[in-house]
Amino acid sequence: KAGVTQTPRYLIKTRGQQVTLSCSPISGHRSVSWYQQTPGQGLQFLFEYFSETQRNKGNFPGRFSGRQFSNSRSEMNVSTLELGDSALYLCASSLGPTGKHYEQYFGPGTRLTVT
Amino acid sequence: AQKITQTQPGMFVQEKEAVTLDCTYDTSDQSYGLFWYKQPSSGEMIFLIYQGSYDEQNATEGRYSLNFQKARKSANLVISASQLGDSAMYFCAMRADNQGGKLIFGQGTELSVKP
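Read on for an overview of the structure.

### Remarks on the overall build of chain B
The helix and strand tally for chain B stands at 0 helices and 12 strands. The N-to-C order of helical and strand elements in chain B reads β-β-β-β-β-β-β-β-β-β-β-β. For a compact globule of 115 residues, the expected C-alpha radius of gyration is about 13 Å, and chain B comes in at 14 Å, within 12% of that figure. Dimensions along the principal axes, computed over C-alpha positions, put chain B at roughly 45 × 30 × 20 Å. Here chain B, with 115 residues, has 49% of them falling under the buried criterion. Per element, the accessible surface of chain B, about 5,400 Å² overall, is 46% carbon and sulfur. Between the averaged position of the 10 positive side-chain charges in chain B and that of its 12 negative side-chain charges there is a distance of 4 Å.

Written out as structure tokens, the structure is:
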């Protein structure tokens, strides 16, 4: 069974540009969550999608947005990039948002560098 | 608000010995889950073990066990018979059952296994 895939793996952008990152969950998984990891702030929750609906959102500015498609694949978009957006962006998938045994499986991440 | 504290930024352990990584948490929720993830230098987050707040027995997964002390709000990870491949960052995380997929992470502990 294939794991969570994220594309691209590495990305270099310039301040002011926008970027779109993609995440394909494990087959059968319907929930996708996104996290930002930086040396200073650690791992922070961005948002979660389930059945094409955003269920939860972290404390990030509106420049960060996402969506989920009917096949559960998800994209996140960052507009007007700032230097501080340089980070490893991790996507995690799970079967669904309910139940005690809710294991999230992470992808390899997309490393974004903003210059 | 939920908070995870990992007080050991870095730890060393001799190969084949056991090691305990500390994790304390703070939450007002009654129903929640505690997770441990391993992050090698490649960046991917690998799920290790899960403990539910109502689980009476400590969780075990192979060489990993979770020492859950609910009254003290601690969820320490014990790795038995350390291997060189265990060298990585380890993150403790929690999720309230009413928060869907939102994981709150600690700052991590960098474990180095010496031959």
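Back to the write-up after that little detour.
### Examining the nonpolar core
For soluble globular proteins, nonpolar side chains are generally found buried alongside one another. Of all hydrophobic cores here, the largest spans 25 residues; its most connected members are Leu21(B), Trp36(B), Ile49(B), Leu77(B), Tyr90(B) and Leu111(B). Where this core is concerned, the elements lending two or more residues are β2 (10–14), β3 (19–21), β5 (32–39), β6 (46–52), β8 (64–69), β9 (74–79), β10 (88–96) and β12 (109–114) of chain B. Broken down by element, the residue count for this core peaks at 4 residues, all from β10(B). Other than its neighbours up to four places away in sequence, Leu111(B) contacts Met11(B), Val13(B), Val19(B), Leu21(B), Ile79(B), Asp86(B), Ser87(B), Ala88(B) and Tyr90(B). Core analysis: the second largest hydrophobic core is formed by 21 residues, Val4(A), Ile26(A), Leu112(A) and Val114(A) among them.

### Digging into the side chain of Arg95(B)
Along the polypeptide, Arg95(B) turns up in strand β10. Of note is the side chain of Arg95(B), whose polar atom sits 3.4 Å from the side chain of Asp97(B).

### Regarding the packing of aromatic side chains
Describing an aromatic ring pair means giving the distance of the ring centres and the angle of the ring planes. Under the counting rule described, the total for this entry stands at 15 aromatic pairs over all chains. Pairwise contacts between aromatic rings join Tyr35(A), Phe45(A), Tyr105(A), Phe106(A), Phe35(B), Tyr37(B), Phe47(B), Tyr50(B), Phe91(B) and Phe105(B) into one cluster. Positioned above the aromatic ring of Tyr54(B), the side-chain terminus of Lys70(B) is 4.6 Å from the ring centre. Sitting over the ring of Phe12(B), Lys114(B) keeps its end group 4.9 Å from the ring centre.

So, how was this worked out
Per-chain numbering applies: the sequence of each chain, read as written, is numbered from 1 onward. Starting at A for chains and at 1 for ligands, labels are handed out in the order in which the entities are written. Note on the predicted model: pLDDT of at least 70 is required for a residue's local features to be given, and 80 or more for side-chain atom pairs to be given and counted; whole-chain, interface and lining totals, by contrast, use all residues. Side-chain metrics rest on all non-hydrogen atoms present in the structure, leaving aside hydrogens and water. Every helix listed is a DSSP run of H or I at least four residues long, and every strand listed is a run of E at least two residues long, numbered separately from the N terminus. C-alpha atoms define the radius of gyration, and 2.2 Å times the number of residues to the power 0.38 defines the globule rule. Relative accessible area decides the class of each residue, using a 1.4 Å probe on protein chains only: under 20% of the type maximum gives buried, over 50% gives exposed, and in between gives partly exposed. Here the Shrake-Rupley method, with its probe set to 1.4 Å, supplies the accessible areas, and only the displayed protein chains count as covering residues. We treat Lys and Arg as the positive residues and Asp and Glu as the negative residues; His and chain ends play no part in the count. To locate a charge, take atom NZ for lysine, CZ for arginine, CG for aspartate or CD for glutamate. Only buried residues count toward a nonpolar core. Its members are Ala, Val, Leu, Ile, Met, Phe, Trp, Tyr and Cys residues joined through side-chain atoms within 4.5 Å. A contact between two residues is defined here by any heavy atoms of the two lying within 4.5 Å. Any pair of N or O atoms that falls within 3.5 Å is considered a polar contact. Within protein, one atom must be able to donate a hydrogen and the other to accept it, and sequence-neighbouring residues count only if both atoms are side-chain atoms. Two rings from Phe, Tyr or Trp (for Trp, the six-membered ring) form a pair when their centres sit within 6.5 Å of each other. Planes less than 30 degrees apart are called stacked, planes more than 60 degrees apart edge-to-face, and all others tilted. A ring is considered to have a charge above it if a Lys NZ or an Arg CZ atom is located within 6 Å of its centre and within 35 degrees of its normal.

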